[in-house]
Amino acid sequence: MGVIITARKFSPQNQAGLLKPIVYCYPYEGVTEHAVSINLELAQALKAFKPKRRTMQIERCFAEILSKLPEGVVLKDFDALFNPDYKVDVMKMMVNTCKAKPFSIIWPGTFDGTRLVYAEEGFQDYKTYDVSAYDITCIV
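As a convention, each chain's residues are numbered from 1 in the sequence order in which they are written. Only residues with pLDDT of 70 or above have their local features reported here, since the model is predicted, and side-chain atom pairs are shown and tallied only from 80 upward, although totals for entire chains, interfaces and linings are computed over all residues. Each side-chain value is worked out from all heavy atoms of the structure, with water and hydrogens disregarded.

### So, the sheet that holds strand 6 (residues 110-111)
In step 1: In space, the three strands of this open sheet follow the order 6-7-8, with antiparallel pairing throughout. The open sheet has two free edges, formed respectively by strand 6 and strand 8 (127-130), since each of these has just one partner strand.
In step 2: At least two bridges found by DSSP between two strands is the condition for calling them paired. Secondary structure elements are taken from DSSP: a helix is a run of H or I of four residues or more, a strand is a run of E of two residues or more, and numbering for both begins at the N terminus. In this structure, strand 6 lies alongside strand 7 (residues 115-118), joined through two bridges in antiparallel fashion. The partner of F111 across the bridge, within strand 7, is L116.

Encoded structure:
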């Protein structure tokens, strides 16, 4: 389902037909400078809930933060979503949320050719996301 395209073939002005959200796997000039950090606001929103309730509230908190931002915003610094205590599929949540309000992200990890990787093996927050399993477009 997912699509991987090179930066040379990608035009930010012509995104019609691309799967959403768009995932920038590397910093790109003209994108990175305008990206919006949501980590602090997300952590503060989740802090309002008891730790055991946060997993159930995380998607709603993410959507509420996103609703305050302009359509087509590029997000960065959303590491709070990867907290292993939340037991949430971050990429699935992003795909679902993007259906209501389009956005793009700057990936906070690495790309290994077919998968998005967050953190390093051996750490509790280590996760991999096979691009083909999600309705996303990765720009490499």
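Once the structure has been displayed, the description carries forward.
### Brief notes about the environment of E59
In step 1: Tracing the backbone through its elements, the reader meets E59 in helix 2 (residues 54-67).
In step 2: A sequence separation of 47 residues divides E59 from I106, and the C-alpha atoms of the two residues are 19 Å apart.
In step 3: Residue contacts follow a heavy-atom distance rule, with two residues in contact if any of their heavy atoms lie within 4.5 Å. Apart from the residues within four sequence positions on either side, E59 is in contact with M93, N96 and T97.

### A word on the sheet that holds strand 4 (residues 73-76)
In step 1: Ordered by their spatial adjacency, six strands build an open sheet running 1-9-2-5-4-3, and the pairing between neighbours is parallel. Across the chains shown, the open sheet's two edge strands, defined by having one partner strand only, are strand 1 (3-5) and strand 3 (36-37).
In step 2: Where strand 3 meets strand 4, two bridges bridge the pair, whose relative direction is parallel. What sits directly across from V36, in strand 4, is L75.

### Considering the packing of helix 2 against helix 3 (residues 90-100)
In step 1: To obtain each axis, a line is fitted to C-alpha atoms, and for helices this fit is confined to the stretch in contact; angles are then taken between N-to-C directions over 0 to 180 degrees. Contact pair helix 2 / helix 3: the axes reach a minimum separation of 10 Å and the direction vectors enclose 45°. The angle between helix 2 and helix 3 places the two elements in the oblique class. Seen from above, helix 2 lies across helix 3 with right-handed handedness. Within the contact between the two elements, helix 2 uses I58, E59, F62, A63 and L66 and helix 3 uses M93, M94, N96 and T97. Angle categories: roughly parallel below 35 degrees, roughly antiparallel above 145, roughly perpendicular from 65 to 115, and oblique for all the rest. Crossing handedness: left-handed means the near helix sits turned counterclockwise from the far one by under a right angle, and right-handed means the same turn made clockwise.

Function cannot be inferred from these measures alone, as they are strictly geometric.
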